[in-house]
Amino acid sequence: MVSLIPSPDAVMQILKRTGAFREGHFAYPNGKHSPYYFQMPLAFRYYDTARVLAVALSRKFRIERDISSQLPKVSVISPSSGGIPVAFGVREALSAEQIYWAEREANGKRMFRQYVNQGEVNPCIIVDDICRSGSALTETAELVKELGAKVIGCGAIVRFSSAVTELEGGGIKSLVDFDAQMHDGADNCVGCRNEIPIERVRF
Ligand SMILES: [Zn+2]
């Protein structure tokens with residue numbers, strides 16, 4: 001019997017098994033060190049794991065009366081291409097009508113493509129594969145508001161516990177809240193102290 005919302009432990013097992021979660025000694029582009037690294041697309045390579053994770057996240061939205069009462073006239077939105085598989089899975093599980101995603105332009109600004117027209121967008125749920133700081137979700141919520149649409153929910157498969165907890169549309173839902181133990185410098189980093197070879201990663 002498979003539970004519809006797997007426990008955080010079960011989700012972490014899936015992420016480990018698929019290589020989406022790794023332990024070691026990692027340097028992030030912002031200069032911080034962490035013993036952990038997530039590459040969520042690796043979990044979304046497989047249809048079965050992608051489906052389990054997306055359906056589980058969708059359940060967190062469906063139990064909200066304000067969301068379930070508006071289905072299927074809801075848009076599921078991803079802040080970037082990385083969240084597209086999550087958005088497709090959540091849209092399917094909720095039988096929501098629309099899906100959109102934003103992308104970063106060359107100038108660094110997050111934007112929707114021109115096919116998204118003002119007034120056409122249903123109330124929105126914003127989903128991503130991972131919420132590290134919350135800035136992607138926050139920026140996307142701003143874009144949605146500029147279109148004149150309402151954010152009724154937001155969430156990610158994994159949320160770092162140091163990220164923002166609330167956005168327009170309520171608390172950020174997640175299957176796992178994770179303490180990434182980000183350290184500013186070498187002084188507090190266990191990896192540096194133990195001289196574990198460091199791997200530089202891109203977000
Ligand atoms: Zn370190």
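This one's a predicted model, so the numbers in the text were calculated from it and none came from an experiment.

Criteria and thresholds
Sequence order as written defines residue numbering, which begins from 1 separately in each chain. Local features in this predicted model are restricted to residues whose pLDDT is 70 or higher, and side-chain atom pairs enter the listing and the counts only when it is 80 or higher, whereas totals over whole chains, interfaces and linings include all residues. The side-chain numbers reported here are obtained from all heavy atoms of the structure, hydrogens and water having been left aside. To qualify as a nonpolar core, a set must consist of buried Ala, Val, Leu, Ile, Met, Phe, Trp, Tyr and Cys residues joined through side-chain atoms within 4.5 Å. Residue exposure (1.4 Å probe, protein chains only): buried if accessible area is under 20% of the type maximum, exposed if over 50%, otherwise partly exposed. For the purposes of this entry, the term helix denotes a DSSP run of H or I that reaches at least four residues, the term strand denotes a run of E that reaches at least two, and both are numbered from the N terminus. Throughout, a residue-residue contact means that at least one pair of heavy atoms, one from each residue, lies within 4.5 Å. Here the term donor refers to an N, O or S atom within 2.8 Å of the metal (or 3.2 Å for Na, K and Ca), and because water is left out of the atoms, sites may appear incomplete. Geometry is assigned from donor-metal-donor angles: four donors are tetrahedral when every angle falls between 85 and 135 degrees, four are square planar and six octahedral when opposite donors sit over 155 degrees apart with all other angles between 65 and 115, and any other arrangement is irregular. A pair of aromatic rings is counted whenever rings of Phe, Tyr or Trp (Trp by its six-membered ring) have centres within 6.5 Å, and the orientation is called stacked for planes under 30 degrees apart, edge-to-face for over 60 and tilted otherwise.

Enquirer: When you look at the nonpolar core in this model, what are you seeing that I'm missing?
Expert: Considering soluble globular proteins, one finds that nonpolar side chains tend to be buried as a cluster. In terms of nonpolar packing, the biggest core is built from 38 residues, with Leu 15, Phe 38, Ile 157, Val 158 and Phe 178 touching the most fellow members. Mapped by element, the contributors of at least two residues to this core are helix H1 (8-17), strand S2 (33-38), helix H2 (47-62), helix H4 (84-94), strand S6 (124-131), strand S7 (151-160) and strand S9 (170-178). For this core, the leading source of residues is H2, giving six residues. Not counting the four nearest positions on each side in its chain, Leu 15 is found in contact with Ala 20, Phe 21, Phe 38, Met 40, Ala 43, Leu 53 and Val 158. Formed by 21 residues, the second largest nonpolar core is a distinct cluster that contains Ala 102, Cys 124, Ala 156 and Leu 167.

Enquirer: Looking at this structure, how should I read the coordination of the zinc ion?
Expert: The reference angle at a metal is 109.5 degrees if four donors form a tetrahedron and 90 or 180 degrees if six donors form an octahedron. The coordination sphere of the zinc ion, as far as protein atoms go, consists of His 25 (NE2), His 33 (ND1), Cys 189 (SG) and Cys 192 (SG), spread over 2.1 to 2.3 Å. Its four donor atoms give the zinc ion angles of 96 to 124 degrees at the centre, a pattern that matches the tetrahedral case. The sequence motif formed by the donor residues of the zinc ion is H-x7-H-x155-C-x2-C. Residue His 25 shares its accessibility class with His 33, and that shared class is buried.

Enquirer: Honestly, the packing of aromatic side chains in this entry has me stumped. Any pointers?
Expert: The way to describe two aromatic rings as a pair is by their centre distance and the angle between their planes. Going through the model one piece at a time under the given rule, you end up with ten aromatic pairs. Between Tyr 36 and Phe 178, the ring centres sit 4.9 Å apart and the planes meet at 85 degrees, which makes this aromatic pair edge-to-face. Pair noted here: Tyr 36 is in strand S2 and Phe 178 is in strand S9, with a separation of 142 residues, a long-range link. Note on Tyr 36: relative accessible area 16%, which makes it buried. Owing to a relative accessible area of 11%, Phe 178 belongs among the buried residues under this scheme. Put simply, the rings of Phe 21, Tyr 36, Phe 38, Phe 160 and Phe 178 pair up and form one aromatic cluster.

The values reported here are purely geometric and, on their own, carry no functional implication.
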